[in-house]
Amino acid sequence: MVWWRSFISLYCCRSSAPFQLFLFTVVTFGVVLPVVCHRLLYSYYYLKKWYLSPMSHDFLKKNLKEAEDAVQYFQRMHPEILQSPKAQDERFPKPWLVVTVVTVQRKAEYHYLMQVVAKFHQLLQNCSHCGSNRILLCNVQEEPEHNEDARVLKKFFPTIERFKDPKDLLGFKVNSQFEKEKQDYQYCMNNTLSRFDPKYVLMVEDDAVPEDDIFNVLHHLLTQRKSKTKLENALYIKLFHPERLQRYINPEPMRILEWIGVGMSVGSLLTFLYLKMFSKPEKLWQLFLYFMIYIMLLVELVGRHYFLELRRLSPQFYSLVPVTECCTQAMLFSAQSAQRALGYLDTVQCQSRFAKDTALYSFLWERHEYAFVVEPNLVRHIGLFSTLRGLTIDPKLL
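Remember, predicted model here, so these are calculated numbers, not experimental data. (Residues numbered from 1 in each chain as written. Predicted model: local features only at pLDDT ≥ 70, side-chain atom pairs only at ≥ 80, totals over all residues. Heavy atoms only, no water.)

Student: I tried to follow the side chain of arginine 225 on my own but got confused; where do I start?
Tutor: Along the chain, the position of arginine 225 falls in the loop between helix H8 (214-223) and helix H9 (228-233). One buried charged residue, arginine 225, remains without a salt bridge, the closest side chain of opposite sign being aspartate 213 at 11 Å. At 3.3 Å, the side chain of arginine 225 forms a polar contact with the backbone oxygen of glutamine 316. Only 2.4 Å separates the side chain of arginine 225 from the backbone oxygen of tyrosine 318, close enough to count as a polar contact. When residues no more than four places from it in sequence are discounted, the contact partners of arginine 225 are His220, Pro315, Gln316, Tyr318 and Leu320. (Helix = DSSP H or I, 4+ residues; strand = E, 2+ residues; numbered from the N terminus. Buried < 20%, exposed > 50% of the residue type's maximum accessible area, 1.4 Å probe, protein only. Lys, Arg positive; Asp, Glu negative; His and termini not counted. Salt bridge = Lys/Arg side-chain N within 4 Å of Asp/Glu carboxyl O. Polar contact = N/O pair within 3.5 Å; in protein donor to acceptor, adjacent residues only side chain to side chain. Contact = heavy atoms within 4.5 Å.)

Listed below in structure tokens is the structure:
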């Protein structure tokens, strides 16, 4: 037993780097992170069986309260408070940005459209450089009057209806709901361009609530970033990507370099601090490699999404990275790129597993285009009830 006592004595002493790092690893990943992260929805430590159902229920309950607030917001507002579309067109003949909200009838009690439009209107009212920005509603419900929120909001905002005349439905037939969604998107975008001739079009789905800094960030990206010319020529800039798909270990390989970079930069700092606190190990590169891998595991297991949220401190901190495929909750187009996208969409027919987001992404390779996604997200997706894939009786956040 003498050799065993000698072994323990060697690795338990204060200057034993292997034991210190081993203990540090066990405490971090086996004690601290499970305690801190077990309620974080996008963390690997999230206890889904325990918390997903109650969190989803709380989300829906909160959403109902926000729906009530949005209804009251417009009840307090009189149509004459807003300038008429004609007066606004005379004052701002060419808007810098038009926010086009594409809408169909959804779960009526959640008033998704009212929540989205109320938030956009509030932000525009408090934005010092958004005087020429406009909001346009595009109602693509086959029976427009059944979209109750859109019917109410027509009193306040310019609205276009794809099927305003019953004759528009005569002969209208598509093979799938995915193709109709694509055609609806084209209709709304094309009418936005022809009606307002804006410099930029922000196509928003009616369950995508904007973040508070959306207009400040877009203004910074499109007017102050050195890459603004490149951004104008991009086919589109995506403002939302599902949080559950923002991890490093994901189909998007371009994040691997970012992951390694985070590990190297923060790992270098931890190596420096360790050397200041403890004696210098024999092999410095092994210590650096340990801390690099430690940080890479830490940010992945806690959740990349939560570290991205730190970028909200300032518009300058938001990043633009190569675009990922999924989702069209909020898409920014320049006038020129919108025309190109409309032409490209005419050449394809959407169907299951080839929706409009996949179609737009495929054009990047076929047409030698490029696009970006803003991180972190500039809109929040609040719609747990899908109109495209059918209603869910008991929807979940994941």
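Student: Could you clarify how one ought to interpret the state of the cysteines in this entry?
Tutor: Scanning the entire structure with this criterion turns up three disulfides. What pairs with cysteine 138 in a disulfide is cysteine 188, and their sulfur atoms sit 2.0 Å apart. Disulfide cysteine 138-cysteine 188: torsion about the S-S bond near -80°, hence left-handed. Here cysteine 188 lies in helix H7 (residues 177-196) and cysteine 138 lies in strand S2 (residues 134-139), a separation of 50 residues in the sequence. Both residues of the pair, cysteine 138 and cysteine 188, belong to the buried class. Here cysteine 326 engages in a disulfide with cysteine 327; their sulfurs sit 1.9 Å apart. Given the relative accessible area of 14%, cysteine 327 is considered buried. (Disulfide = S-S within 2.5 Å.)

Student: Is there a simple way to think about the packing of helix H2 (residues 17-37) against helix H11 (residues 284-302) in this case?
Tutor: The relative placement of two packed helices comes down to the angle between their axes together with the axis-to-axis distance. Viewed as axis vectors pointing N to C, H2 and H11 meet at an angle of 10°, and their least axial separation amounts to 12 Å. As judged from the angle between their axes, H2 and H11 are roughly parallel. Only Leu287, Tyr290, Phe291, Tyr294, Leu297, Leu298, Leu301 and Val302 of H11 make contact with H2, whose side of the interface consists of Leu21, Phe24, Thr25, Thr28, Phe29, Leu33 and Cys37. When its residues are assigned to classes, the contact of H2 with H11 shows 13 nonpolar, two polar and no charged. (Axes fitted to C-alpha atoms, helices over the stretch in contact; angles between N-to-C directions. Parallel < 35°, antiparallel > 145°, perpendicular 65-115°, else oblique. Nonpolar A, V, L, I, M, F, W, Y, C, P; charged D, E, K, R; others polar.)

Student: What should I look at first to understand the side chain of arginine 162 in this one?
Tutor: Inspection of the secondary structure puts arginine 162 in the loop between strand S3 (159-161) and H7. Within the structure, arginine 162 has its side chain in polar contact with the side chain of glutamine 183 (distance 3.2 Å). In this structure, arginine 162 is in contact with Asn139, Val140, Asp168, Phe172, Lys180, Gln183, Asp184 and Tyr187, ignoring residues within four places of it in sequence.

Student: In this structure, what is going on with the sheet that holds S3? I would like to understand it.
Tutor: Backbone-to-backbone hydrogen bonds join strands into a sheet, with any given pair of strands oriented parallel or antiparallel. Taken in spatial order, the eight strands make up an open sheet running S3-S2-S1-S4-S8-S6-S9-S7, and their pairing is mixed. Only two strands of the sheet have a single neighbouring strand rather than two, namely S3 and strand S7 (319-322). The sheet contact formed by strand S6 (residues 237-238) and strand S8 (residues 330-334) spans two bridges and is antiparallel. Bridge pairing links lysine 238 to methionine 331 in S8. (Pairing = 2+ DSSP bridges.)

Student: When you look at the packing of aromatic side chains in this model, what are you seeing that I'm missing?
Tutor: Aromatic rings considered in pairs are described by the distance between their centres and by the relative angle of their planes. For the structure on display, the rule yields 20 aromatic pairs. Consider the rings of tyrosine 73 and phenylalanine 74, whose centres lie 5.2 Å apart with planes at 90°: the pair is edge-to-face. The class of phenylalanine 74 is buried, set by a relative accessible area of 4%. Here a set of aromatic residues connected by ring pairs shows up, and it is made of Phe24, Phe29, Tyr274, Tyr290, Phe291 and Tyr294. Sitting above the plane of the tyrosine 44 ring, arginine 247 keeps its charged end 4.1 Å from the centroid. (Phe/Tyr/Trp six-rings, centres within 6.5 Å; stacked < 30°, edge-to-face > 60°. Lys NZ or Arg CZ within 6 Å of the ring centre and 35° of its normal.)

Student: Would you explain the pattern of salt bridges in this entry?
Tutor: Any two side chains of opposite charge can pair, on the condition that their charged atoms come close. Overall, the coordinates contain 17 salt bridges when judged by the stated rule. Notably, a salt bridge pairs lysine 180 with aspartate 184, separated by 2.6 Å at the nearest N-O pair. One end of the pair, lysine 180, and the other, aspartate 184, are both in helix H7, four residues apart, so they sit about a helical turn from each other. When its relative accessible area of 4% is taken as the criterion, aspartate 184 is described as buried. Notably, a salt bridge pairs glutamate 369 with arginine 340, separated by 2.8 Å at the nearest N-O pair. Residue glutamate 369 is located in the loop between helix H14 (356-366) and strand S9 (372-375), and its partner arginine 340 is located in helix H13 (residues 335-345); the two are separated by 29 residues in the primary sequence.

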